[in-house]
Amino acid sequence: MIELIRTYWVYFLIGQYPQGPLGGVAATVLLAALALLLAMPIGLLMGLARTSSIAAVRRPVTVIAYLIRGIPLLLMVFWIYFYLPTVTGHKTDQFSTMLIALVVFDGVYLGEIVRAGIQGVPKGQYEAARALGLGHGRAMRRVILPQALRSMLPSLVNQFVSTIKATSLGYIIGLTEASFIATQINSQVFVHPTAVYLLLSLMYFILCFGLSRVALVIERRQARRGLPRPARSPGSPTATAAANA
Amino acid sequence: MIQFNQVNKWYGQYHALVDIDETVAKGEVVVVCGPSGSGKSTLIRTINRLEAIESGTITFDGEDIHRPGVDLNRLRSRIGFVFQQFNLFPHLTVLQNCTLAPVEVGGARPAQAHDKAMALLDRVGLAHKANAWPSELSGGQQQRVAIARALAMEPPLMLFDEPTSALDPEMVGEVLLVMQGLVRDGMTLVVVTHEMGFARDVAHRVLFMDQGRILERAEPHAFFNHPQHPRAQQFLADIRTPFARPG
């Protein structure tokens, strides 16, 4: 195992970079981070639209949300990889394909989380803000969203964690992310599949667990400020992280 | 200052306000009472347009406030509203609760809003809690902060929607005391409350509502001693001797 790590660690971390495209763990982290960064504003807008009192805004977004939630991410990847080029006229590379698929998917799922967060803030908070003379936008920005964000945190972490793991689907279309590289290594070494995939699993675990811990620290800091802690669902990663701690 | 003219409101089939005609003068303290579901809360919520109306007009300082195109945020910043459930913003400190609207809506400079808020918190006896979180306060303290927050925009009119109904009995007094202070300062108040003591001692006028109608309007002394309408007589009998209902 030590031998395996010594030989392949650079390849596992960055792929063939700088000779080839950036790959391995670096590609996985970059893909997940970019996807979440780009999906967050989309999710926020989706959530606001989903809770809008204007039907012309709410309805189409609701339909889109249901459509995208109703197909597997893998199919989304295929559609973007094989169908999108026939529309745009040039081939979508693997990294962009996965990025688009993840951003669209996360945008919708984050939108649902934002919606639930907004709806979880007591109605009186919005009324009180409006009664003071704050407009809809200001009431959302200064009163509702800051509170919604706190209750959303466990669900957000859940989504972030599943995004990190979903990057492994890039393997299917030949994106050289960590799972793809691990498989390459396995076929070169051939005799240590258990060790190779154990290390791969460990890598994913460390990324996800680390993220959960960061979220836990944020939650603790809120609790110290005298704010109500968000309700934890038993299956949420923060709850698991707390139980493991 | 406020004028209701043939105001009607429905919730679907339910006729919540029926042909309301009423005038509240500047400097007047009006208590609205009546059984639950009688439309008292709905009535005062139409004054700052937390509720829409289906017909009639409500004017505030001569302006028809349910007309489309009214500057809602400006209107509301001139009407303080205190809720039964306080509705303090839990993610802001007591002081920040009181400076939010003046800075965001009133365009006050932060330092100016800060001084103003501290003066108001002092007035409700909570200057020492300025940096506390709402969750660290008792119900009575939270409601007093809510009053200070509503006063921060210097509204000429204050509306109270059952301000003491969510409080433990021992905390009712401190809130009523603050409200009494506002009355002494000559402010216009419309108060929905079950606190008959407050109505008797502080109000200039009592409105009795039932089933969406104002059935009786009288000075407190007359209302409590010689209620005219049978529903008002029954209501007063019920709240005075809650265990003596026929039955």
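In this report, we go over the structure that sits alongside the text. Given the structure is predicted, the values throughout are model-derived calculations rather than measurements.

**Topic: the overall build of chain B**
Counting its regular elements, chain B contains nine helices and ten strands. For 247 residues, the compact-globule formula gives about 18 Å, and the C-alpha radius of gyration of chain B, at 18 Å, lands near that figure. Along the first, second and third principal axes, the C-alpha atoms of chain B reach 55 × 45 × 35 Å. For chain B, with 247 residues in total, the buried portion stands at 57%. Sequence-distant contacts in chain B: of pairs separated by 6 or more residues, those separated by 24 or more amount to 65%. Only carbon and sulfur atoms are counted for the fraction: they give 48% of the accessible area of chain B, which is about 10,700 Å². Chain B carries 23 positive and 27 negative side-chain charges, and their two centres are separated by 1 Å.

**Some words on the packing of aromatic side chains**
Per the counting criterion, the structure on display carries ten aromatic pairs over all chains. Taking the centre distance of 5.3 Å and the plane angle of 80° together, the rings of F223 of chain B and F224 of chain B count as edge-to-face. Note on accessibility: F223 of chain B and F224 of chain B belong to one class, buried. Three or more aromatic residues joined by ring pairs form one cluster here, namely F208, F223, F224 and F235 of chain B. One cation-aromatic arrangement involves R69 of chain A over Y66 of chain A; the distance from NZ or CZ to the ring centre is 4.7 Å. The ring of F224 of chain B carries the charged tip of R200 of chain B above its face, separated from the ring centre by 5.1 Å.

**Side note on a nonpolar patch on the surface**
All names here are of chain A. Residues M1, I5, W9, V10, L13 and L198 make up a contiguous nonpolar surface patch of roughly 570 Å² in combined accessible area. In terms of residue count, the dominant contributor to the nonpolar patch is helix α1 (residues 2-14) (four residues). Positionally, W9 belongs in helix α1.

**What about the side chain of S52 of chain A?**
Residues and elements named next belong to chain A. Mapped onto the elements, S52 comes out in the loop between α2 (24-50) and α3 (55-69). Relative accessible area serves as the criterion here: at 14%, S52 is assigned to the buried category. In this view, S52 contacts V57 and R58; residues no more than four positions away in its chain are not counted.

**Quick word on the pattern of salt bridges**
The final tally for this structure, using the stated rule, is 19 salt bridges over all chains. We note a salt bridge from R78 of chain B to D61 of chain B, for which the minimum N-O separation is 3.4 Å. Of the two residues, R78 of chain B sits in the loop between α2 (72-77) and β6 (79-82) while D61 of chain B sits in the loop between β4 (55-60) and β5 (63-64), which places them 17 residues apart along the sequence. The shortest N-O distance in the salt bridge between R78 of chain B and E63 of chain B comes to 3.8 Å. Of the two residues, R78 of chain B is situated in the loop between α2 and β6 and E63 of chain B in strand β5; the sequence distance between them amounts to 15 residues. The network of salt bridges with common partners includes K123 and E127 of chain A together with K9, R45 and E51 of chain B.

Parameters and conventions
Residues numbered from 1 in each chain as written. Chains lettered and ligands numbered in written order. Predicted model: local features only at pLDDT ≥ 70, side-chain atom pairs only at ≥ 80, totals over all residues. Heavy atoms only, no water. Helix = DSSP H or I, 4+ residues; strand = E, 2+ residues; numbered from the N terminus. Rg over C-alpha atoms; globule rule 2.2 N^0.38 Å. Buried < 20%, exposed > 50% of the residue type's maximum accessible area, 1.4 Å probe, protein only. Contact = heavy atoms within 4.5 Å. Areas by Shrake-Rupley, 256 points an atom, 1.4 Å probe, with all protein chains shown as cover. Lys, Arg positive; Asp, Glu negative; His and termini not counted. Charge placed at Lys NZ, Arg CZ, Asp CG, Glu CD. Phe/Tyr/Trp six-rings, centres within 6.5 Å; stacked < 30°, edge-to-face > 60°. Lys NZ or Arg CZ within 6 Å of the ring centre and 35° of its normal. Patch = residues over 30% accessible without salt bridge, like charges linked within 9 Å, V, L, I, M, F, W, Y side chains within 5 Å. Salt bridge = Lys/Arg side-chain N within 4 Å of Asp/Glu carboxyl O.

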